[in-house]
Amino acid sequence: MQKIIKYTLCSALIATLGLQSCKKSYFDSLSDNPNQVPVATLSTLLATSTYKAANNNYLIGNIIAPYVQYTANPAANGAGDTYQAIDFTPSWDALYFAMADANEMKKLAVAQNSSEYKGVADVLIAYNLTLVNDLWGDVPFSEAFNINNLTPKYDKQQDVYNQAIALLDEAILELAKTDATVKLAPTSDLIYGKSTTERVNWLKMAYALKARLLNKISKTSAYNPTAVLAALGSSFTANTDDATMATFKERNPWANVALSNLQQSLGGWLSEQLIDALNGKTFSVFDPRIEKITDKTINNIYIGTINGAGNRLPGANTTKDECYISRNSPWTSDTSPIFIVTFAELKFIEAEAYFNTDKTKAYAAYLAGISANMDKFQVTAANRDAYLANPLVSVGEAALTKDLIFKEKYIATYLNPEAWNDARRFDYQYKDFGMPANAALPTFIRRLDYTQGERSKNGANVPADVPRTTKLWWDQ
């Protein structure tokens, strides 16, 4: 945590987006770089904060991808595949750097009486805070950005969750205002800057993230589907509302994974679980989204890698005999955006919220979620409609199950960090979803170990690690 304060303004002052860290603090580098601005502005902080939120979506998505069996290691006993202890210090730091930048933007927005920037800052802090909370549980927040305290306490995980909700509620109040003295700078807003309704879209995003948070506690007595639906009612109404970011130094980071694979670095292999859910094996229906996610192998088939077991043909990992993340995909091409939260995801949240009280509305939301995600994947209308017409998909409202909702949401949240929250809420009950081969744990993973970086800097406050099978408060 000591680095957080020193690095607070660092990335906001980097001329080229995509550079992810500074070897020196901002303050140290002032004497070295005469071209660096001495004070960060709202617009520069907006640029770095929106960039980092999306990049953290990728970083955390990459962590959880093997846990939900989107990806798999081509070598047996891969650390992520088999739930081994991994030090994720760089990702922890990235999350706190992003919150620190957004916190500086919030303070400056208050000083300049800009409700728009303050609201956006609240949304971005809440988003990054939720990511760190979902991975580790208890984390620093209430004391995290006090420059006079380099060893902040850890707040209880439920308190952190409540603080994220409070931030979103504050954002909703601020973004509803129309009289900000300083308006958002579209050229610096990497998420909604190209929209003609920038402020309104941020307001919708605040509601979307709130609905996501309220839905996440579905296993607890505090779950309130009416509150979930109320948040959804003020959120996204179409795919065009999706919160995405597509400004990169070179290319989408998932495309970098695919490119590295082509150069035989052996990353980005897709799991048998994901591929079989799409190719017709698990559900007896071919899902055309598979053609937009990956490419066929040299054997002209779709086949995935077994988590923990590695490639079926040891020693042949440079042969394209299993499926990989594709640069041809609307999700992972060089110019594809990073998807933070989407309309399709919200429709599945709606289906779940209505499930126990109104099957008609739940079923309509379920079908709308599939259709929206198909469109986002650029599936042809004919293929989309054929899939929707399949009786194994269009089962009728009376036959709708939560299994079907979670199955379709699993595809719609491909590579998104939210997928691990769903897997834990659903107790990993996806059809044919099994423990990885050679697992280091006796049951499915539920949390991460605290990082070595935190233990070295804030050791007295870091909670003792509990087994990675220990459930977070909302996962009981």
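Right above here is the structure, for reference.
Residues numbered from 1 in each chain as written. Predicted model: local features only at pLDDT ≥ 70, side-chain atom pairs only at ≥ 80, totals over all residues. Heavy atoms only, no water.

Novice: Sorry, what's going on with empty space enclosed by the protein here?
Specialist: On inspection of all chains with the given rule, the structure shows five cavities of 30 Å³ or more. By volume, the largest cavity is sized at about 120 Å³. Around the largest cavity sit 18 residues that line it, and Thr130, Leu131, Asp134, Arg212 and Glu418 are the ones nearest its centre. Counting residues per element, the ones that place at least two in the lining of the largest cavity are α3 (42–64), α5 (115–136), α7 (198–216) and α16 (418–425). Examining the composition of the lining of the largest cavity, we find that six residues originate from one element, α5, more than from any other. Its boundaries defined by the atoms lining it, the second largest cavity holds a volume of some 80 Å³. (1 Å grid on protein atoms, 1.4 Å probe; cavity = no way out; pocket = protein on both sides within 12 Å on 5 of 7 lines; lining within 4 Å. Points joined across faces, edges and corners; volume = space filled by probe spheres on them. Helix = DSSP H or I, 4+ residues; strand = E, 2+ residues; numbered from the N terminus.)

Novice: Help me understand helix α4 (residues 89–111) in this model?
Specialist: What sets the pattern is the α-helix's 3.6 residues per turn: residues three or four places apart point alike. For α4, spanning 23 residues, the distance from its first C-alpha to its last is 33 Å, which sits close to the expected 33 Å at 1.5 Å a residue. Backbone geometry just downstream of α4 places Asn113 in the positive-phi region, at approximately 55 degrees. (Expected span 1.5 Å × (residues − 1).)

Novice: Is there a simple way to explain the layout of surface pockets in this structure?
Specialist: To find leftover empty space, a probe the size of one water molecule is rolled over the atoms. Estimated volume of the largest pocket: approximately 360 Å³. Residue lining of the largest pocket: 21 residues in total, with Asn62, Pro66, Thr71, Asn73 and Asp81 positioned closest to the centre. Looking at which element gives the most residues to the lining of the largest pocket, the answer is α3, with three residues. Split into classes, the residues belonging to the lining of the largest pocket amount to 13 nonpolar, seven polar and one charged. (Nonpolar A, V, L, I, M, F, W, Y, C, P; charged D, E, K, R; others polar.)

Novice: Would you mind going over the packing of helix α13 (residues 359–376) against helix α15 (residues 402–412) with me for this structure?
Specialist: A pair of packed helices can be characterised by two numbers: the angle between their axes and the separation between those axes. For the pair α13 and α15, the least separation of the axes is 10 Å and the interaxial angle reads 20 degrees. Put simply, α13 runs roughly parallel to α15. Taken as a pair, α13 and α15 cross one another with a handedness that is left-handed. Facing Tyr366, Ile370 and Asn373 of α13, the residues of α15 in contact are Leu404, Ile405, Glu408, Ile411 and Ala412. For the contact of α13 with α15, the per-class residue count stands at six nonpolar, one polar and one charged. (Axes fitted to C-alpha atoms, helices over the stretch in contact; angles between N-to-C directions. Parallel < 35°, antiparallel > 145°, perpendicular 65-115°, else oblique. Left-handed = near helix turned anticlockwise from the far one by under 90°. Contact = heavy atoms within 4.5 Å.)

Novice: What is the right way to look at unusual backbone geometry in this model?
Specialist: Across residues other than glycine, the phi torsion is negative in most instances, and most of the peptide bonds are trans. Positive phi, close to 65 degrees, is recorded for Tyr83, a residue that is not glycine. Looking at the secondary structure, you find Tyr83 in the loop between α3 and α4. Look at Tyr428: it is not a glycine, yet its phi comes out positive at around 55 degrees. Tracing the chain through its elements places Tyr428 in the loop between α16 and α17 (452–458). Residue classification places Tyr428 among the buried positions, given a relative accessible area of 1%. (Buried < 20%, exposed > 50% of the residue type's maximum accessible area, 1.4 Å probe, protein only.)

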